Amino acid sequence: MLQCTAVTLLPPDAVLRLTAPGADSTEDPEPYVLCELGEHDDHERTEHAAYLRPGRTPDAPALWFFWTGRGPERTHRAESSLWCPAVLRRLDSGVVRRCALFDHHTAAHSWDVTDPLGDLIAERLVPGDSPEG
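These figures come from a predicted structure and were not determined experimentally. (Residues numbered from 1 in each chain as written. Predicted model: local features only at pLDDT ≥ 70, side-chain atom pairs only at ≥ 80, totals over all residues. Heavy atoms only, no water.)

Some thoughts on the overall build of the protein
Helices and strands together make up the secondary structure of the protein, namely two helices and seven strands. Moving toward the C terminus, one meets the helices and strands of the protein in the order β-α-β-β-β-β-β-β-α. Of all 133 residues assigned to the protein, the portion counted as buried reaches 32%. Within the protein, contacts between residues separated by at least 24 positions form 44% of all contacts whose residues are at least 6 apart in sequence. Total accessible area on the protein is roughly 9100 Å²; 55% of this is exposed by carbon and sulfur atoms. (Helix = DSSP H or I, 4+ residues; strand = E, 2+ residues; numbered from the N terminus. Buried < 20%, exposed > 50% of the residue type's maximum accessible area, 1.4 Å probe, protein only. Contact = heavy atoms within 4.5 Å. Areas by Shrake-Rupley, 256 points an atom, 1.4 Å probe, with all protein chains shown as cover.)

Shown next as structure tokens:
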């Protein structure tokens with residue numbers, strides 16, 4: 001399943017919360033976020049989600065940004081959410097992967113979501129390669 005392509009600007013109040021003293025981030029957040037869920041059918045009603053910041057420990061709830069709608073009808077919220085408890089176990093290799101999305105997410109688990117642009121960039125990177133060529 002391909003990744004959703006919905007993008008939105010972060011509202012100023014969400015950016016302020018991310019950069020506030022005591023926030024767990026050491027760098028300025030991007031001014032926009034991309035939905036990390038798999039494709040969903042109804043972009044007007046289905047809630048999009050973007051990961052913003054981890055919790056204090058690996059199992060602690062993470063900060064996520066949720067939005068629906070477009071233009072002036074867009075609604076949004078930023079809140080901490082538990083991680084999805086789903087686990088993928090590969091019996092042949094013994095590899096265990098946890099879903100990297102929030103609990104009760106819609107659509108597929110993270111291991112079933114493909115980011116074509118991210119994959120294209122990753123396959124072109126070579127150790128020691130520089131952006132200058």
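Following the structure, the description resumes.
What about the sheet that holds strand β4 (residues 62–68)?
Read across the open sheet, the three strands follow the order β3-β4-β5; overall the sheet is antiparallel. The sheet is open, and its two edges are formed by β3 (48–53) and β5 (75–81), each paired on a single side. The sheet shows a mean angle of 25° between the axes of neighbouring strands, direction not considered. The sheet contact formed by β3 and β4 spans five bridges and is antiparallel. In the strand pairing of β4, Ala50 is matched with Phe65. (Pairing = 2+ DSSP bridges. Axes fitted to C-alpha atoms, helices over the stretch in contact; angles between N-to-C directions.)

Digging into the packing of aromatic side chains
Here the structure, examined in full by the defined rule, presents six aromatic pairs. Their ring planes at 90° and their centres at 5.0 Å tell us that Phe66 and Phe102 sit as a pair that is edge-to-face. In this pair, Phe66 is assigned in strand β4 and Phe102 in the loop between β7 (96–98) and α2 (116–124), connecting sequence segments 36 residues apart. Pair check on accessibility: Phe66 and Phe102 agree, each one buried. Ring pairing ties together the aromatic residues Tyr51, Trp64, Phe66, Trp83 and Phe102, which thus form one cluster. When the ring centre of Phe66 is taken as reference, the NZ or CZ atom of Arg77 above it lies at 4.2 Å. (Phe/Tyr/Trp six-rings, centres within 6.5 Å; stacked < 30°, edge-to-face > 60°. Lys NZ or Arg CZ within 6 Å of the ring centre and 35° of its normal.)

Quick notes on the pattern of salt bridges
In total, this model carries three salt bridges according to the counting rule given. Notably, a salt bridge pairs Glu47 with Arg77, separated by 2.7 Å at the nearest N-O pair. Here Glu47, found in the loop between β2 (32–34) and β3, pairs with Arg77, found in strand β5; they are 30 residues apart in sequence, far enough to count as distant. A salt bridge links Arg98 to Asp59, with the nearest nitrogen and oxygen atoms 2.8 Å apart. Taken together, the residues span a long stretch of sequence, with Arg98 in strand β7 and Asp59 in the loop between β3 and β4 at a distance of 39 residues. Taking the relative accessible area as the measure of exposure, Asp59 reaches 54% and is therefore exposed. Linked through salt bridges whose partners overlap, the residues forming this network are Glu47, Arg77 and Glu79. (Salt bridge = Lys/Arg side-chain N within 4 Å of Asp/Glu carboxyl O.)

Looking at the pairing of β4
Extensive coverage of β4 is indicated by the burial of seven of its seven residues. With burial as the criterion, each face of β4 is covered, one bearing Ala62, Trp64, Phe66 and Thr68 and the other bearing Leu63, Phe65 and Trp67. Direction of pairing for β4 relative to β5: antiparallel, over a ladder of seven bridges. Pairing of Phe66 across the sheet is with Arg77, part of β5. Linkage of β4 to β5, two consecutive antiparallel strands, is achieved through a turn of six residues, within which Gly69 is found at a positive phi near 80°.

These results come straight from atomic positions and should not be treated as a statement about function.
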